[in-house]
Amino acid sequence: MNLLLLEEADFVSADRVVLADRRFTHMQEIHGVAVGDTLRVGRIGGLMGQATVMRLEQHEAELQVAFDQQPPAKLPLTLVLAVPRPKMLRRLFQTIATLGVPRLILVNSYKVEKSFWQTPFLNPENVRENLILGLEQARDTVLPEVIIEKRFKPFVEDRLPAIAQGSLGLVAHPGAYPACPRGIEGPVTLAIGPEGGWIPYEVDLLAKAGLAPVQLGDRILRVETAVTALLSRIF
Ligand code: SAH
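Note that the coordinates shown come from a computational prediction; the quantities given were computed from them, not determined experimentally. (Residues numbered from 1 in each chain as written. Predicted model: local features only at pLDDT ≥ 70, side-chain atom pairs only at ≥ 80, totals over all residues. Heavy atoms only, no water.)

(A) Representation of the environment of Arg 128 within the structure. Assignment of secondary structure puts Arg 128 in helix 3 (residues 124-138). Judged by relative accessible area, which is 33%, Arg 128 ranks as partly exposed. Between the C-alpha atom of Arg 128 and that of Glu 62, which follows or precedes it by 66 residues, the distance is 24 Å. If near-sequence neighbours (up to four positions away) are discounted, Arg 128 is found in contact with Glu 7, Ile 44 and Leu 143. Separated by 3.1 Å, the side chains of Arg 128 and Glu 7 make a polar contact. (Helix = DSSP H or I, 4+ residues; strand = E, 2+ residues; numbered from the N terminus. Buried < 20%, exposed > 50% of the residue type's maximum accessible area, 1.4 Å probe, protein only. Contact = heavy atoms within 4.5 Å. Polar contact = N/O pair within 3.5 Å; in protein donor to acceptor, adjacent residues only side chain to side chain.)

Here it is as structure tokens:
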């Protein structure tokens, strides 16, 4: 945790917060804080700044906070991702928040197992919790928007063209395609497939919506690695 993220409910006055949960335990066990120590803090959706430990008790801490710094810029990206298996999905929420993805659209696809949609990791409170872990890692305060599109065809045909319009549209797919571009400055819409990959029909439909297939070389990367490799390369 490189940034302690604060919720509105933590505030007991305009510049004081009281913490008694995971963040309190972390402050104590990992940072070993004492009264008078300072910590980096951020207000979810707002500014970042510093906190001073004012009071420390067995089960809670009171901090005085001051905010003076903007969170870092996000990537100009909409990431469309076929739902991976639950364990990876959970980590991906953290990873995309850490990397600065502002908008994630989770889609179904032919090779997404139906059971993946049942995972508790898709419950809004769990999604938020993992996004927050990713923001704390990166030192950012702004939660990515997460959109769920359970039906591939209507999403890709009816909504994706408008989302991709005015951006560089890419679909990552191993094969005889142009190499994925590097160092893009403008907005990008990028689609990454499930563990089993996109099927040809899906690649065709994504291409019609404005996303051109690109590849990253002969090595097939795990979804999580592909996300990191693609974003580092594109931006
Ligand atoms: N067996 C699948 C691989 C899936 S890897 C197949 O052959 O298509 C999961 C996703 O990561 C892919 O759908 C793609 O979006 C991305 N990916 C992984 N390695 C890649 C590569 N070398 N080039 C382009 N995309 C890749």
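(B) Local environment of the pairing of strand 10 (residues 168-172). With four of its five residues buried, strand 10 lies for the most part within the structure. With five bridges joining them, strand 10 and strand 11 (residues 188-192) adopt parallel strand pairing. Across the sheet, the residue bridging to Leu 168 is Val 188, located in strand 11. Bridge count for strand 10 against strand 12 (residues 212-214) is three bridges, and the pairing is parallel. Each residue of the ladder has a partner; that of Ala 172, found in strand 12, is Val 214. (Pairing = 2+ DSSP bridges.)

(C) Local environment of the domain arrangement of the chain. Segmenting the chain into domains produces domain 1 (4-69) and domain 2 (77-234). Using only C-alpha atoms to locate each centre, domain 1 and domain 2 end up separated by 33 Å. When the two sides are added together, the surface that domain 1 and domain 2 hide from each other amounts to roughly 850 Å², 56% of it contributed by carbon and sulfur. It is Leu 5, Arg 22 and Ile 44 that lose the most area in domain 1 upon contact with domain 2, and together they represent 51% of the buried surface on that side. Taken together, domain 1 and domain 2 are joined by two salt bridges. The salt bridge partner of Glu 136 is Arg 22, with a shortest N-O separation of 3.0 Å. Between the two partners, domain 1 and domain 2, sit four residue pairs in polar contact (both at pLDDT 80 or more). For the side of domain 1 that touches domain 2, the elements supplying multiple residues, two or more each, are helix 1 (22-29) and strand 4 (38-43). No other element matches strand 4, which puts three residues into the side of domain 1 that touches domain 2. (Domains from an automatic or database assignment. Buried area = accessible area lost by both parts, 1.4 Å probe. Salt bridge = Lys/Arg side-chain N within 4 Å of Asp/Glu carboxyl O.)

(D) Structural detail: the site of the ligand. Surveying the vicinity of the ligand reveals 18 residues, the closest of which are Ala 172, Gly 193, Leu 216, Arg 219 and Leu 221. Here Gly 193 contributes a backbone N or O atom positioned 2.9 Å from an oxygen atom of the ligand. Burial of the ligand by the surrounding chains reaches 86%, relative to a free accessible area of 550 Å². Of all the cavities here, the one that holds the ligand is the largest pocket. Residues of the shell around the ligand, tallied by class, amount to ten nonpolar, six polar and two charged. (Near = heavy atom within 4 Å. Areas by Shrake-Rupley, 256 points an atom, 1.4 Å probe, with all protein chains shown as cover. 1 Å grid on protein atoms, 1.4 Å probe; cavity = no way out; pocket = protein on both sides within 12 Å on 5 of 7 lines; lining within 4 Å. Sits in = over half its atoms within 2 Å of the grid points. Nonpolar A, V, L, I, M, F, W, Y, C, P; charged D, E, K, R; others polar.)

(E) Summary view of the layout of surface pockets. Here the largest pocket defines a volume of roughly 360 Å³. Forming the walls of the largest pocket are 21 residues, and the residues nearest its centre are Ala 172, Pro 174, Ile 220, Leu 221 and Ala 226. The dominant element in the lining of the largest pocket, judged by the number of residues it contributes, is helix 6 (residues 223-234), at three residues. Grouping the amino acids of the lining of the largest pocket by side-chain chemistry returns 13 nonpolar, five polar and three charged. (Points joined across faces, edges and corners; volume = space filled by probe spheres on them.)

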